[in-house]
Every structure is written in structure tokens, then in C-alpha cells.
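# Topology and contacts: notes
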Amino acid sequence: MGASRAAASPGRSDDAVPAPSRPGPALTRAFADEWGRVVATLVRVTGDWALAEDAAQDAFGSAAVSWERDGVPDRPGAWLMTAARNAALDRMRRDASQRRRLADHAVLARGRDDGTAPLADVEEEGDEVPDDRLRLIVTCCHPALPLDARVALTLRTLCGLTVEDIARAFGTTDAAMAKRLVRARQKIAHARIPYRVPRGPELGGRLPGLLAVLYLLYTEGYAPTSGDAVVRGELTGEAVRLTRALAGLVPDEPEVHGLLALELLHESRRTARQTPDGDVVPFDEQDRSLWDGDLVREGLAALAVARAVDRPAGPYVLQAEIAACHATAATPATTDTRRVVVLYDALVRIQPTPHVRLGRAMAVAAADGPAAGLALLPGLADDLAGSHLLPAAEADLERRLGRVDRAADAYRRALEMAPSGPTRRFLERRLTEVTPA
């Protein structure tokens, strides 16, 4: 798409052009807020995932030029939606093989220029959900796709992560991840997977996979596997927003409310988790006055809804119960550590993953002392080989026991495997603390 068309797109005031207003940060914010909405709308009206992503990328590329020259529009989201719509039309016109589809989807050209309305006036039959992003993630999470493909497609299409970022998160090559994404899109097209949110038993059957993707989406934002950010708020925020929307569709599903509670209780600590310089603040050193009380209350309310459903607690409800134990304690010392261990025992019975078992070991350490937790770590050595989490946990417990030489050795092993800048800086700081001058 040409920059001239994007620059003339509606969405800004017709008054005198304002001076440039820091288009870099503004574009970053707009990407976090609008990428998923723009792509999801274009997917719905064109039916072409690659076209939707390419047109959205064109729009943001044009914004980088136009906003620098003319200033940030009054309504960045509307500007981007219109620019992306125009880019999609341009691409379809240039491709002779798309002429029939251009006629079929001429509704694109009838989209409202202010970008506030959907670009099409029709919905999938039987789909009453007015949220294109929720439709998009449900489509990404179709059971015909492998779980890793669902997660990768969600991160790329809905959140705008680069192929390189996703490849690092999955521990694979850029080329392999690009092929995986192409296969996932082709599967959706060839299987004619509908772009809609099903209801009743069909949606119920998709819930486990959908919740897993939302959980992984939130986790990637809360503890990024790459980059230099302690937290990626655009990912955690989108996961919370989508989980809220899903909870509204299935009010009687306790695990959905459990996941929402878990996300909200973790999200409440976001500000306290990092220093102004962008370094990690460990949980037991966080200033709890910085925790967001409104999010804590909303999380506890969601947990209460989950508890009210007469079903055995699932993994998300149990994790939310653990988070609630911490969220309702005034200090680390007043946390009901015995209850946390009991909850972890229940979680291990239904989800005995290495990370859950490591969490239980640290809970035992909090309840019974560092030595008790340390004794449980050797049993995780095979399952967590290659992960920095196990030596980091060992180092922390050895440090608490005052065994600084052993702690230093474990910190060095953790540093060899640490994935991101903030994590590495935290481990380096701890290593300095236990290493004699």
C-alpha cells in the first residue's frame, strides 16, 4: 500500500496539522491495542489470514511514515483500520486471481471511514458474538490443529509477535516456525473451519484447548521467553480481555472463571514485579502497596463464581486458589503456607507437570524450611534438564540456608541457561550477593 493513501486516510481532525507527538511510543501503543482487532476484522471480511496480516503490516508501516510527518492522528485505531482496509483492497486488486473474491467481498469498500464499525454488516450464521478477536482465537484453537500450532497461530495473528519471537519461545528455528504457521493457516482453509464462536456442546468440547492457549498466552506475557521486558503487558492484557469475554459466554464453566481469577490475581502485581529501571523484583520482596486492589477484588470475585459451581476443582481453579492465598496475605510471613502446600498436593494429583512439582517444592520450602524444599529438587533433575528454573530454585534455597558457595555454583549454572535479559540480570545480582568480594 502506498504511503500517500494511508496518509490521507480518515481518522484525524481536519484542523491544522499538529506537531509530531512522539509517533514512536504512540505507534507502539497502537500496535499493542489495535493489531489483533485489525487482523481479526480483516480475517472475517476477506477469509484470508495471510492477506489480513499483510494488510495490517502495511497499515502499521504506513503509520510509521505518516505519523512522523503529520503527527499522531486523534484516533489511531480508526486510522489504522481504514489504512488496513485500503491495503487489503489494493492487494486484492493487484492479484488477478483474487478478482472474483474482490467482487464477493466488495463490502470492504463499504466500511465506515471512521473505523468505529465492523467492515462488514453480516455475521456468521448462528454467531451472536460481536468480538472479532474472540472469534479469531476460537478459530485458532480449533481441535483440528495441534496445540503448539494453536498457540503459535494465536501469538502471531492475534498478538502480532514476530516469527522470530515465537520460534524462540518454542525453542525452534525461524524457518520451522514459519512452516508451522503456514500449515496451520492452510489447515483452517482446507478444512473450511468456520470463523465463528460455536455454542453449546461444540464450544464445551473446545474449552480445554482454548483455556490452554489463553493460559500460555498470559504466561508468555507474564514471563517472556525472549526480549528485555520483565512483563509484556500487551499480551497479559489481551489474555485477560479474551478470558473475560469467554467467561461471559460460558458462565457455568468453573475452569474459565478459575483462569480469569488466576490471570487477574497475577496481573494485580505487575507494577510491583519490576523496578523503575526494568529489573525483576522477586515475589517476597515486592512492595504490596503497589498491588492493584481492584484487580485483586475482581480476581477473588471470579474465584468465588468458580467455587459456586458444584464440580471438583480443576487445575486453573486450584492455581487461582494458590494465587489467592498470596493475594490476601498482608506480608509473606502471614501467608497460609500450609494451605498452599495442600493446594499444590491437589494440583500435582491432576496435573503432575515438572513446573507444578517445582512449585510444590518451593511451597514446601516456605512451609517447612529451605532444607525440606531442597530435598525435593533432585527428583526434578531429568524433567527440567536444560531449564534455568531448577538451578535457580536450588540457588535460592541454598542462599537461604547460608551455604553461599553452593548457592553461587547453582546461580552460575542457572545463568548458563537463563533466557532473557531481566532474568539474567537478576541472577547476576544474586550471584554477586553470595560471592565474596
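Here the structure is a predicted model, which means the values were calculated and not measured. (Residues numbered from 1 in each chain as written. Predicted model: local features only at pLDDT ≥ 70, side-chain atom pairs only at ≥ 80, totals over all residues. Heavy atoms only, no water.)

A few words on the confidence of the model for the protein. Averaged over all residues, the pLDDT of the protein is 82; the fraction at 70 or higher stands at 86%. Predicted confidence is poor over residues 1–21, with pLDDT under 50, and the contacts of this stretch with residues over four places away or in other chains come to 50 contacts. Across residues 105–129 the pLDDT falls below 50, and counting only partners more than four positions away or on other chains, this stretch makes 54 contacts in the model. (pLDDT = per-residue confidence, 0-100. Contact = heavy atoms within 4.5 Å.)

Inspection of the secondary structure puts R288 in the loop between α12 (254–267) and α13 (293–308). D284 provides the closest opposite charge to the buried, unpaired R288, separated from it by 8.1 Å. Sequence-distant contacts of R288, that is, excluding residues within four places in its chain, are made with F283, H326, A329, A330, T331, P332 and T335. (Helix = DSSP H or I, 4+ residues; strand = E, 2+ residues; numbered from the N terminus. Buried < 20%, exposed > 50% of the residue type's maximum accessible area, 1.4 Å probe, protein only. Lys, Arg positive; Asp, Glu negative; His and termini not counted. Salt bridge = Lys/Arg side-chain N within 4 Å of Asp/Glu carboxyl O.)

Attention shifts here to the packing of aromatic side chains. Overall, the coordinates contain 7 aromatic pairs when judged by the stated rule. Each ring, one from F31 and one from F60, has its centre 5.2 Å from the other, and the planes form 65°; the classification is edge-to-face. Remark: F60 occurs in helix α3 (residues 49–70) and F31 occurs in helix α2 (residues 23–46); sequence separation between them is 29 residues. Residues W35 and F60 carry aromatic rings whose centres are separated by 5.8 Å and whose planes lie at 45° to one another, so their mutual orientation is tilted. With W35 in helix α2 and F60 in helix α3, the pair connects residues that are 25 residues apart, well separated along the chain. For F60, a relative accessible area of 5% corresponds to the buried category. An aromatic cluster of at least three residues, connected via ring pairs, comprises F31, W35 and F60. The ring of W291 carries the charged tip of R269 above its face, separated from the ring centre by 5.7 Å. If you follow R273 out to its NZ or CZ, it ends over the ring of Y222, 3.7 Å from the centre. (Phe/Tyr/Trp six-rings, centres within 6.5 Å; stacked < 30°, edge-to-face > 60°. Lys NZ or Arg CZ within 6 Å of the ring centre and 35° of its normal.)

Moving on, we come to the pattern of salt bridges. Inspection of the entire model under this criterion finds 28 salt bridges. Taking the shortest distance from any N to any O, the salt bridge between E53 and R185 comes out at 3.0 Å. Of the two residues, E53 sits in helix α3 while R185 sits in helix α9 (residues 174–190), which places them 132 residues apart along the sequence. The burial state of E53 is the same as that of R185; both residues are buried. A salt bridge links R91 to D54, with the shortest nitrogen-to-oxygen separation between them at 3.9 Å. Taken together, the residues R91 in helix α4 (residues 76–94) and D54 in helix α3 connect sequence positions 37 residues apart. On the basis of relative accessible area, D54 is assigned to the partly exposed category, the value being 34%. Taken together, the salt bridges that share partners define one network made up of D284, D396, R399 and R400.

End to end, helix α18 (residues 389–400) covers 17 Å across 12 residues, agreeing with the expected 16 Å (1.5 Å per residue, within 8%). Those residues of α18 that fall on the buried side of the exposure criterion are L390, P391, A392, A393, A395, D396, L397 and E398. Each element contacted by the buried residues of α18 is listed here: α16 (354–368), α17 (370–374), α19 (404–417) and α20 (421–434). Where α18 ends, the next residue or the one after it, G402, has phi of about 80°, a positive value. (Expected span 1.5 Å × (residues − 1).)

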